[in-house]
Amino acid sequence: MLLPWNTYFIQLFFPDLCHLCERRKPLRGHGLCGHCLARLPYTHYHLWVDNPFVERFWGRIPLYAGAACYFFRKGGLARHLIHRLKYEGKKELGIWVGRQYGRQLMENELFAGADCIVPVPLHKKKELRRGFNQSACFAEGLAESMNVPCLTRVLQRKVYTDSQTRKTQIERLRNVEHVFAVRQKSSLEGRHVLLVDDVLTTGATLEACALALLKVPGVRISMATMAIAE
Ligand SMILES: [Zn+2]
């Protein structure tokens, strides 16, 4: 793709621009500029036990703790961030959010007691096509700042599901119910698992993963996502 000459000029002299706006220089230690950082819509749900994230799973699965870092709104900055991660391959953005959010989650003893991080897996075919799993990037950053292992192989997506954007909630539930399987069950016995994904919408995918994980004896489930759709 051909860019305007002044873009090349800018990139030549300021090679490191904010990953989100690509206009301003990032703050030291961040991939984002101060302007974007200040505009990110934090939920602060990790400081609140019965928050709307946890409420969304009431009567569905026993959830130990749950929180999302940002609000996911139409035209919002968090949506833009996740779009750049998923469709423009900005893996460093996912890892950065994970690192930041891991530090925040450690402020709550419920999350601080997690033994391992498990990202919602993509189907092998889809991961090959995209080249990476966006949830695993977020999980990698979380694992780093929470100092626990990130287990990317224990949960497996067995069935290739179509894009779920135009399905109703009931159709979605039917679609994902038997999609996931747990491998190496013994490695998870009695563990507190922090299950992570990019965005919480209806929660059908996270619920299906949790149901598969809860078949392992003594497992406790907490969840964290980069964003929550309202
Ligand atoms: Zn910026």
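Q: Whenever I open this one, the layout of surface pockets confuses me. Can you help?
A: Taking a probe equal in size to a water molecule and rolling it over the atoms shows the remaining empty space. Of the volumes computed, that of the second largest pocket is approximately 420 Å³. Lining the second largest pocket are 15 residues, with Leu122, Lys124, Glu127, Thr152 and Arg183 positioned closest to its centre. For the lining of the second largest pocket, the secondary-structure elements that each account for two or more residues are α7 (124–130) and β3 (155–157). The residue makeup of the lining of the second largest pocket, split by class, is six nonpolar, four polar and five charged.

Q: What am I meant to see in empty space enclosed by the protein here?
A: If you walk through the whole model with that rule in mind, you get one cavity of 30 Å³ or more. The volume enclosed by the largest cavity comes to roughly 30 Å³. Lining the largest cavity are Tyr45, His46, Trp48, Val49, Asn51, Val54, Ala65, Gly66, Asn108, Leu110 and Phe111. Across the lining of the largest cavity, the residue classes tally to seven nonpolar, four polar and no charged.

Q: Just to check I follow, could you spell out the packing of helix α4 (residues 77–87) against helix α5 (residues 91–105) for this structure?
A: Helix-helix packing is characterised by the crossing angle of the two axes and by the distance between the axes. It is the contact of α4 with α5, at a shortest axis distance of 7 Å, that shows an interaxial angle of 130°. One element, α4, and the other, α5, form an angle in the oblique class. Across the interface between the two elements, Leu81, Arg84 and Leu85 from α4 touch Lys91, Leu93, Gly94 and Val97 from α5. Tallied by class, the residues present in the contact of α4 with α5 amount to four nonpolar, one polar and two charged.

So, how was this worked out
Residues numbered from 1 in each chain as written. Predicted model: local features only at pLDDT ≥ 70, side-chain atom pairs only at ≥ 80, totals over all residues. Heavy atoms only, no water. 1 Å grid on protein atoms, 1.4 Å probe; cavity = no way out; pocket = protein on both sides within 12 Å on 5 of 7 lines; lining within 4 Å. Points joined across faces, edges and corners; volume = space filled by probe spheres on them. Helix = DSSP H or I, 4+ residues; strand = E, 2+ residues; numbered from the N terminus. Nonpolar A, V, L, I, M, F, W, Y, C, P; charged D, E, K, R; others polar. Axes fitted to C-alpha atoms, helices over the stretch in contact; angles between N-to-C directions. Parallel < 35°, antiparallel > 145°, perpendicular 65-115°, else oblique. Contact = heavy atoms within 4.5 Å.

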